Amino acid sequence: MKLILFSLTLLLATNCASGPVGGLLFSNIKYPGATNGTDIKSNAQAEDCIYNVLGLFGFGNSGAGQIAKDNKISRIATIDYRSLNVLVGVFRMQCTVLTGEK
């Protein structure tokens, strides 16, 4: 019974902050977010990530507005995402990837 409850807990916690899908041992996923129309040139790309270690420590800033400001992107064309998950919560990384024009 304890093994079943533990397994269910792992399965339910797998996708928390790790993207649309995740693996129990490892996942490295890129997935689309939003687009802001077709009239914006994508001549610049920038990315920033947030991190979580052991479910105890979290740090980073992956807000689209802050990424654009830090990289002097004046108009955002697309916002995409990527995530990395190792051993169900030992290490997690969630990144926001912007394209746009400077």
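Here is what the cut-offs are and how they apply
Residues numbered from 1 in each chain as written. Predicted model: local features only at pLDDT ≥ 70, side-chain atom pairs only at ≥ 80, totals over all residues. Heavy atoms only, no water. Pairing = 2+ DSSP bridges. Helix = DSSP H or I, 4+ residues; strand = E, 2+ residues; numbered from the N terminus. Axes fitted to C-alpha atoms, helices over the stretch in contact; angles between N-to-C directions. Core = buried A, V, L, I, M, F, W, Y, C linked by side-chain atoms within 4.5 Å. Buried < 20%, exposed > 50% of the residue type's maximum accessible area, 1.4 Å probe, protein only. Contact = heavy atoms within 4.5 Å. Disulfide = S-S within 2.5 Å.

Caption draft 1: Molecular detail of the sheet that holds strand E5 (residues 91-101). Reading across from one edge, E1-E4-E5-E2-E3 is the order of the 5 strands in this open sheet, with antiparallel pairing throughout. Unpaired on one side and paired on the other, strand E1 (26-35) and strand E3 (57-60) mark the two borders of the sheet. Within this sheet the neighbouring strands show an average axis-to-axis angle of 15°, counted without direction. For strand E2 (residues 44-53) and E3, the ladder comprises 4 bridges, and the chain directions are antiparallel.

Caption draft 2: Layout of the nonpolar core. Counting residues in hydrophobic clusters, the biggest one holds 8 residues: Ala-44, Ala-46, Ala-64, Ile-67, Ala-68, Ile-73, Ile-79 and Leu-98. The set of elements that each furnish at least two residues to this core consists of E2 and helix H2 (64-70). Counting residues per element, this core draws most heavily on H2, which supplies 3 residues. Among all residues touching Ile-79, those that are not within four sequence positions of it are Pro-32, Gly-33, Ala-34, Ala-64, Thr-96, Val-97 and Leu-98.

Caption draft 3: Focus on the pairing of E5. The buried fraction of E5 amounts to 10 of the 11 residues, a majority that puts the element mostly inside the structure. Relative to E5, strand E4 (residues 75-86) runs antiparallel, the two being bridged by 11 bridges. Of the residues in E5, the one forming a bridge with Ile-76 is Gly-100. Count of turn residues in the E4/E5 antiparallel hairpin: 4 residues, of which Leu-87 carries a positive phi of about 50°.

Caption draft 4: Spotlight on the state of the cysteines. Applying the stated criterion to the full structure yields 1 disulfide. Here Cys-49 is linked by a disulfide to Cys-95, with a sulfur-sulfur distance of 1.9 Å. For the disulfide bridge between Cys-49 and Cys-95, the dihedral angle about the S-S bond is near 100°, and by the sign convention the bridge is right-handed. Linking Cys-49 in strand E2 with Cys-95 in strand E5, this pair joins segments that are 46 residues apart in sequence. The burial state of Cys-49 is the same as that of Cys-95; both residues are buried.

In short, the description is geometric, and any link to function would need to be established separately.
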